[in-house]
Amino acid sequence: MTRLYAGVPTRPSCNPGAGSRTVPEDEEMPTDAEPGSLARRAWGRDLSWWARDYVYAVAAQLRAIGAGRPDDLMSGTKRPLVLLPGIYETWRFLEPLAEALHERGHPVHVVAGLGANRRPVIESAGRVVDLIVERELEDLVLVAHSKGGLIGKHVMAFDPVGERVRAMVAVATPFGGSRYSSLMPAPSLRAFRSGDATMRALAASAEVNTRIVSVYGAFDPHIPEGSELAGARNIRLDAGGHFRVLADPRVIAEVVRAAE
């Protein structure tokens, strides 16, 4: 497997979502330069992150060609995990993360019915519920990327099965929507507008936020509003991007923290 997460600490925690706080890493921009110089540095940094983000995304999509072997990930004695990829992603986009978590003893469940995750959030949430019921999963942790976090929150907030979810770790999820979505030609992308009915309903369901860990980059080219979620445990990474942040060791550390 691709060892993106070697050496990550596995310290457990009993309450992953306690309080509403952002836990940043230690990067700071220099403060002794002229404002124009700082702006150029920030622009150049963001452009570099954007380029590397798409290199990562293209490589991940190429790696994800084919059905894979999701049944190989279902063994394990630790708390079960359910994988929720982002829009236009199959589960294999998250395969390195899934394999790393499986190696730590967690059974990882793939919702094959999501396909490339083009369906509306409500319909996709129903497919997740079906899998949880069919496999009789309890006290599970959802591991989500982007749109997958919206699907996971919908399960937690609007279905009785949501009570079986111990926590969700969501990476780069547009909990507050994205202003760019209104510019997109595809209805599946325009659904991320903050004024969309499903997005409004999810935003109003704040009681489940304490069970959510939101992990996001310092810059996200797809979500200029960011992914901070009131009431959740918010983790702001040093690096930027929407896809490449999945390879940050802090992601698996937060899943382990939530699950163990």
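Refer to the preceding data block for the structure.
Keep in mind the model is a prediction, meaning the values are calculated, not measured.

### Remarks on the overall build of the protein chain
Along the backbone of the protein chain there are seven helices and seven strands. In the protein chain, the succession of α and β elements from N to C terminus is β-α-β-α-β-α-β-α-β-α-α-β-β-α. Looking at the protein chain as a whole, 50% of its 260 residues are labelled buried. Taking the contacts inside the protein chain whose residues are at least 6 apart along the sequence as the reference set, 76% of them involve residues at least 24 apart. Accessible area for the protein chain stands at about 11,800 Å²; split by element, carbon and sulfur atoms hold 55% of it.

### Considerations on the packing of aromatic side chains
Two measures describe an aromatic ring pair: the distance that separates the ring centres and the angle between the ring planes. Counted by the stated rule, this structure contains three aromatic pairs. Aromatic pair Tyr54 and Phe243: ring centres 5.9 Å apart, planes at 70°, arrangement edge-to-face. One end of the pair, Tyr54, is in helix α1 (residues 35-63); the other, Phe243, is in the loop between β7 (233-236) and α7 (249-259), with 189 residues separating them in the sequence. On the accessibility criterion, Tyr54 (30% relative accessible area) is partly exposed. The class of Phe243 is buried, set by a relative accessible area of 13%. Between the aromatic rings of Tyr56 and Phe93, the centroid separation amounts to 6.5 Å while the plane-to-plane angle is 75°, which identifies the pairing as edge-to-face. One end of the pair, Tyr56, is in helix α1; the other, Phe93, is in the loop between β2 (81-84) and α2 (95-103), and 37 residues separate them in sequence. An aromatic cluster is present here, built from Tyr54, Tyr56, Phe93 and Phe243 joined pairwise through their rings.

### A closer look at the nonpolar core
Leu81, Phe93, Leu101, Val143 and Val215 are the most contacted members of the largest nonpolar core, which has 35 residues in total. Listing elements by their share of this core, those giving two or more residues are α1, β2, α2, β3 (108-110), β4 (140-145), β5 (165-171), β6 (212-216) and α7. For this core, the element with the most residues is α7, which contributes six residues. Beyond its immediate sequence surroundings of up to four residues, Leu81 is in contact with Leu101, His106, Pro107, Val108, His109, Val141, Val143, Val255 and Ala259. The next biggest cluster of nonpolar side chains, apart from the first, holds 33 residues, and it includes Leu137, Ala157, Phe175 and Ile212.

### Some remarks on helix α3 (residues 121-134)
The end-to-end C-alpha separation of α3 is 20 Å, in line with the 20 Å expected for 14 residues at 1.5 Å each. Of all the residues in α3, the buried ones are Val121, Ser124, Ala125, Val128, Val129, Leu131 and Ile132. Buried residues of α3, viewed axially, fall in a sector of 160°; they line one side. Away from its buried face, by an angle of more than 90 degrees, α3 presents the exposed residues Asp130 and Glu134. Buried residues along α3 sit against β2, β3, β4, α4 (147-158) and α6 (197-204). At the exit of α3 stands Glu136, carrying a positive phi of roughly 55°.

### What to know about the packing of α2 against α7
The contact between α2 and α7 brings their axes to 11 Å, and the two run at 45°. Between α2 and α7, the angle falls in the class oblique. Remark: the crossing between α2 and α7 carries right-handed chirality. Along its contact with α2, which presents Leu97, Ala100 and Leu101, the element α7 presents Val251, Ile252, Val255 and Val256.

### A short note on the environment of Asn209
Within the secondary structure layout, Asn209 lies in the loop between α6 and β6. For Asn209, a relative accessible area of 3% translates into the label buried. Residues Asn209 and Gly231 lie 22 residues apart in sequence; the distance between their C-alpha atoms is 5.3 Å. Excluding anything up to four places from it in sequence, Asn209 contacts Lys153, Leu229, Ala230, Gly231 and Ala232. Within the local environment of Asn209, its side chain forms a polar contact with the side chain of Lys153, the two groups lying 3.0 Å apart.

Conventions and cut-offs
Residues numbered from 1 in each chain as written. Predicted model: local features only at pLDDT ≥ 70, side-chain atom pairs only at ≥ 80, totals over all residues. Heavy atoms only, no water. Helix = DSSP H or I, 4+ residues; strand = E, 2+ residues; numbered from the N terminus. Buried < 20%, exposed > 50% of the residue type's maximum accessible area, 1.4 Å probe, protein only. Contact = heavy atoms within 4.5 Å. Areas by Shrake-Rupley, 256 points an atom, 1.4 Å probe, with all protein chains shown as cover. Phe/Tyr/Trp six-rings, centres within 6.5 Å; stacked < 30°, edge-to-face > 60°. Core = buried A, V, L, I, M, F, W, Y, C linked by side-chain atoms within 4.5 Å. Expected span 1.5 Å × (residues − 1). Arc of directions from axis to C-beta. Axes fitted to C-alpha atoms, helices over the stretch in contact; angles between N-to-C directions. Parallel < 35°, antiparallel > 145°, perpendicular 65-115°, else oblique. Left-handed = near helix turned anticlockwise from the far one by under 90°. Polar contact = N/O pair within 3.5 Å; in protein donor to acceptor, adjacent residues only side chain to side chain.

Coordinates in, geometry out; function isn't part of it.
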